[in-house]
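Spelled out from the first residue to the last, the chains are:
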Amino acid sequence: GVVGGLWHALRSTGAEARGLLDTMLEMRTRVLGTEWRHVYTVDHATDNSGVVAIYNRLEHISSLGWLRLTDKDVWRWILKEKWWWKHTRRNYTVRWVRSHPEKRHATVQWTLDDVANHQADRWADKQLQSKTQQEASMPRVSDELAWDVCLEGELLTGNVRSQITE
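**Some remarks on the packing of aromatic side chains**
In step 1: Enumeration according to the criterion identifies two aromatic pairs in this entry.
In step 2: Between Trp84 and Trp85, the ring centres sit 5.3 Å apart and the planes meet at 90°, which makes this aromatic pair edge-to-face. Comparing Trp84 with Trp85, the two get one shared label, buried.
In step 3: For the ring pair Trp85 and Tyr92, a centre distance of 5.1 Å and an interplane angle of 65° mean the geometry is edge-to-face. Of the two residues, Trp85 and Tyr92, neither departs from the other in class, the shared state being buried.
In step 4: Grouped by ring-pair contacts, the aromatic residues Trp84, Trp85 and Tyr92 constitute a single cluster.
In step 5: A cation sits over an aromatic face here: Arg30 above Trp36, 5.0 Å from the ring centre.

**A word on helix α2 (residues 49-57)**
In step 1: Considered for burial, the residues of α2 that qualify are Val51, Val52, Ile54 and Tyr55.
In step 2: Where the residues of α2 are buried, they touch α1 (12-32), β1 (41-46), α4 (72-87) and β2 (91-96).

**Structural notes on α1**
In step 1: Between the first and last C-alpha of α1 there are 30 Å, a value that for 21 residues agrees with the 30 Å anticipated at 1.5 Å per step.
In step 2: Listed as buried for α1 are Gly14, Ala17, Arg18, Leu20, Leu21, Asp22, Met24, Met27 and Val31.
In step 3: Turning to α1, the residues buried within the fold contact β1, α2, α4, β2 and β4 (154-155).

**A few points about the side chain of Asn117**
In step 1: Along the polypeptide, Asn117 turns up in helix α5 (residues 112-129).
In step 2: The exposure class assigned to Asn117 is buried, which follows from its relative accessible area of 8%.
In step 3: A polar side-chain atom of Asn117 sits 3.1 Å from a polar atom in the side chain of Asp47.
In step 4: Those residues in contact with Asn117 that lie beyond four places of it in its chain are Asp47, Val97, Arg98, Ser99, His100 and Pro101.

**A word on the nonpolar core**
In step 1: By size, the foremost hydrophobic cluster in this structure holds 23 residues, and its most contacted members are Leu20, Tyr55, Trp75, Ile78, Trp85 and Tyr92.
In step 2: Those elements that place two or more of their residues in this core are α1, α2, α4 and β2.
In step 3: Not counting residues within four places of it along the chain, the set of residues in contact with Ile78 comprises Ala17, Leu20, Leu21, Met24, Tyr55 and Leu58.

Rules used in this analysis
Residues numbered from 1 in each chain as written. Predicted model: local features only at pLDDT ≥ 70, side-chain atom pairs only at ≥ 80, totals over all residues. Heavy atoms only, no water. Phe/Tyr/Trp six-rings, centres within 6.5 Å; stacked < 30°, edge-to-face > 60°. Buried < 20%, exposed > 50% of the residue type's maximum accessible area, 1.4 Å probe, protein only. Lys NZ or Arg CZ within 6 Å of the ring centre and 35° of its normal. Helix = DSSP H or I, 4+ residues; strand = E, 2+ residues; numbered from the N terminus. Contact = heavy atoms within 4.5 Å. Expected span 1.5 Å × (residues − 1). Polar contact = N/O pair within 3.5 Å; in protein donor to acceptor, adjacent residues only side chain to side chain. Core = buried A, V, L, I, M, F, W, Y, C linked by side-chain atoms within 4.5 Å.

Function cannot be inferred from these measures alone, as they are strictly geometric.
Shown next as structure tokens:
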């Protein structure tokens, strides 16, 4: 999916967290449809160890930990999605894979994870290069009990205060 927000303000973990959220939402839509209704396990691979670490301890983060967490808005929605998967007796796992297989070995030696990781990086590169206002940001995170902040027509995520003062 398209990762929203101001491109110059995105950090790797925030962008990867948005990608995780968009994937979780898309997988839920597919599982609720007739074609994938018998899917009970999703194995999500990412090359961002920070996202994996936060995802795996999300339910156990203290109040102080939530205050310190960047991209709280995105992680709040990921937590809601994680809850849905668990309470519908489905399993959504997130695991780390090594990045940049092209720097490690020949393409004939790539695993399925290597191919998928390389393809995801190419899609991200393409999106970054074609960052028109319409393509670059399609906000998908909203909550009736929270405020969303926009700057120059773009939804801000992560450390909103630093983005406003820039």
